[in-house]
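Working through the structure, step by step
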Amino acid sequence: MNRAAIILAAGAGTRMKSATAKVLHKVAGLPMLGHVIAGLKAAGVSRIVVVTAPDADAVRDYAHAQGCQSAVQDKQLGTGHAAAAAGESLKDFDGELMIAYGDMPLMTASTFEASFAARGEGLAIVAFRATDPGAYGRVLLDAFGALDRIVEFKDASEAERRTDLCNAGVLTADARKFFAWAAKLDNKNAQGEFYLTDVPALAKRDGARCAVATVTQTEALGVNSRAELAEAERLMQNRLRAKAMAAGVGMIAPETVFLSYDTVLDADVMIEPFVVFGPKVQVASGAQIKSHSHLEGAQVASGAIVGPFARLRPGAVIGESAHIGNFVEVKNSVIDKGVKANHLTYLGDAHVGAGANIGAGTITCNYDGYTKSHTEIGAGAFIGSDTSLVAPVTVGAGAITAAGSVITKNVEADALALARGQQVEKPGWAKAFRNYKQKEKR
Ligand code: UD1
Ligand code: MG
């Protein structure tokens, strides 16, 4: 059957106290909305409508960039009202429909799948048992253990609040039936809102069977505040670390390693403590990432060693068995096989040929305040310590630059380039100087 989904993302998110829309706050580097979209797509949902507030251009642009449609909820009159706002966008749609919230980043594709499966001919919601049910909507079961209704926390009696079965915020039904029920919602409740959570009771009145699919509390976490966002990050990091280790990645202290939603680590990659992965990093088998390194937009080939204290920025491509050592920063540069840049170096907008040795304190001067320029270092070149390479500049293969040189002109292959002040020596000068100063003191 065709599958469509509506993601509700028009809420004000006031509890976040942020200028950024709640659903665009990131978990493991991806907006919460992105996690929900990815999960739905993986569960075979081919059409997604994201419901936004009228002024939420950023949310709308994000949704469109992910291949979703969008619909505007003029006023934030509640989750049921928000879902109904997507009706126009789906008026030609025939099939099953899932309503999900944009603020539940830990929900997985298999839960979405399970919810579709649980629906049968009727409706399904997703619930979880909470250790601390807080302000979640409570799921009330009838005498037969089937769904009776959902009651929002603010409307619930003391007795109803005592149940630990909570509404996760996923509802699945036939699309046409759903919009018919949503049209019947009222707002006679504590918050004066049209609650999506009143739909199951309406469906039951119509004779529809209402199933409850259950998930873990972790998956169901709904993020409404900064503290809950941090909790979502913690849980997501645990999930990503566990997945990486199950795939053969070694971590000494996994709780100190931070991954991005899209980090690709092959089996037998070794990660030391306190490493942070920003988006778009790939590390091949056998590479080691040592402590306190920060990587984003980088590729690391097998056998390479990065860190400790290294920084790989977007466009860093580290070749096989290359060494990028302490306090070395690499940006938009291709570092070929076997290169060694072990200490205190900046390589930006450069290509370093295979086997070159980059001495401590080497700097590519790639920026003049207006444009970025390229530095080319040939294979097997030896860049002496404290060399400044003023780009654009080329150092030929096998060439040597003397320590302390400021290289402003291209260096031929196999040449020595010396570009520093000449040393002058004055025998005995230091001693004479000391004697003179001593006398002065007396
Ligand atoms: C909601 C559920 C609650 C459930 C909890 C799970 C309702 C009435 N309550 O409560 O049963 O336990 O989620 O996390 O559904 N939104 C709109 N337009 C609106 C209001 C909300 O688009 O007018 C969107 C929000 O952006 C958000 C989602 O709907 O993504 C849920 O709204 P939120 O205010 O977070 O509801 P909760 O109080 O968390
Ligand atoms: Mg919420």
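Everything that follows concerns the structure shown earlier in this document.
Residues numbered from 1 in each chain as written. Chains lettered and ligands numbered in written order. Predicted model: local features only at pLDDT ≥ 70, side-chain atom pairs only at ≥ 80, totals over all residues. Heavy atoms only, no water.

1. A few points about the coordination of the magnesium ion (ligand 2)
By definition of the ideal shapes, a tetrahedral metal site with four donors has angles of 109.5 degrees and an octahedral site with six donors has angles of 90 or 180 degrees. Quick reminder of the rule: Each metal's donors are the N, O and S atoms found within 2.8 Å of it, except that Na, K and Ca use a 3.2 Å limit; water is left out, so coordination can look incomplete. Strands are runs of DSSP state E lasting at least 2 residues, helices are runs of H or I lasting at least 4, and numbering of each runs from the N terminus. The buried label applies to any residue whose accessible area, calculated with a 1.4 Å probe on protein chains only, is under 20% of its type's maximum; exposed applies above 50%, and partly exposed to all values in between.
Distances from the magnesium ion (ligand 2) to its protein donors, Asp 103 (OD) and Asn 224 (OD1), fall at 2.3 to 2.5 Å. Residue Asp 103 is located in the loop between β6 (96-101) and α4 (109-119), and its partner Asn 224 is located in the loop between α8 (217-220) and α9 (226-246); the two are separated by 121 residues in the primary sequence. Asp 103 gets classed as buried once you look at its relative accessible area, which sits at 12%.

2. A word on the side chain of Thr 387
Keep this limit in mind: Under this definition, polar contacts are N or O atom pairs within 3.5 Å; protein pairs additionally need one hydrogen-donor-capable and one acceptor-capable atom, and for neighbouring residues in sequence, both atoms have to be side-chain atoms. The contact rule is simple, with two residues in contact once any of their heavy atoms fall within 4.5 Å.
The residue Thr 387 is located in the loop between β30 (382-383) and β31 (388-390) in this model. A polar contact of 2.6 Å, which involves the side chain of Thr 387, links it to the backbone oxygen of Gly 384. Leaving out residues up to four positions away in the same chain, Thr 387 has contacts with Gly 361, Thr 362, Ile 363, Thr 401, Ala 402, Gly 404, Ser 405 and Ile 407.

3. Things to note about the sheet that holds strand β13 (residues 264-265)
Here is the rule we go by: At least two DSSP bridges between two strands are needed for those strands to be called paired.
Strand order in the open sheet formed by 8 strands is β13-β16-β19-β22-β24-β26-β29-β32, and the pairing between neighbours is parallel. Looking at which strands have only one partner, the edges of the open sheet turn out to be β13 and β32 (393-395). Pairing between strand β26 (residues 350-352) and strand β29 (residues 375-377): 3 bridges, direction parallel. Paired with Ala 350 across the bridge in β29 is Thr 375.

4. Observations concerning the site of ligand 1
To keep things clear, this is the line we draw: A cutoff of 4 Å decides nearness: a residue is near a molecule or strand if any of its heavy atoms lies inside that distance of it. Lys, Arg, Asp and Glu make up the charged group, whereas Ala, Val, Leu, Ile, Met, Phe, Trp, Tyr, Cys and Pro make up the nonpolar group; the residues left over, Gly among them, are polar.
Taken together, 24 residues surround ligand 1, and among them Gln 73, Thr 79, Tyr 101, Glu 152 and Asn 167 come closest. One of the backbone N or O atoms of Leu 77 is found 3.5 Å from an oxygen atom in ligand 1. Elements with a minimum of two residues in the shell around ligand 1: α3 (79-84) and β10 (165-174). Grouping the constituent residues of the shell around ligand 1 by class yields 9 nonpolar, 11 polar and 4 charged.

5. Observations regarding the pairing of strand β1 (residues 3-8)
Counting buried positions along β1 yields 6 of 6 residues, so the element is predominantly enclosed. The alternating pattern of β1 places Arg 3, Ala 5 and Ile 7 and Ala 4, Ile 6 and Leu 8 on opposite faces, both of which are buried. Of the pairings in the sheet, the one linking β1 to strand β4 (residues 47-52) comprises 5 bridges and is parallel in character. Of the residues in β4, the one forming a bridge with Ala 5 is Ile 48.

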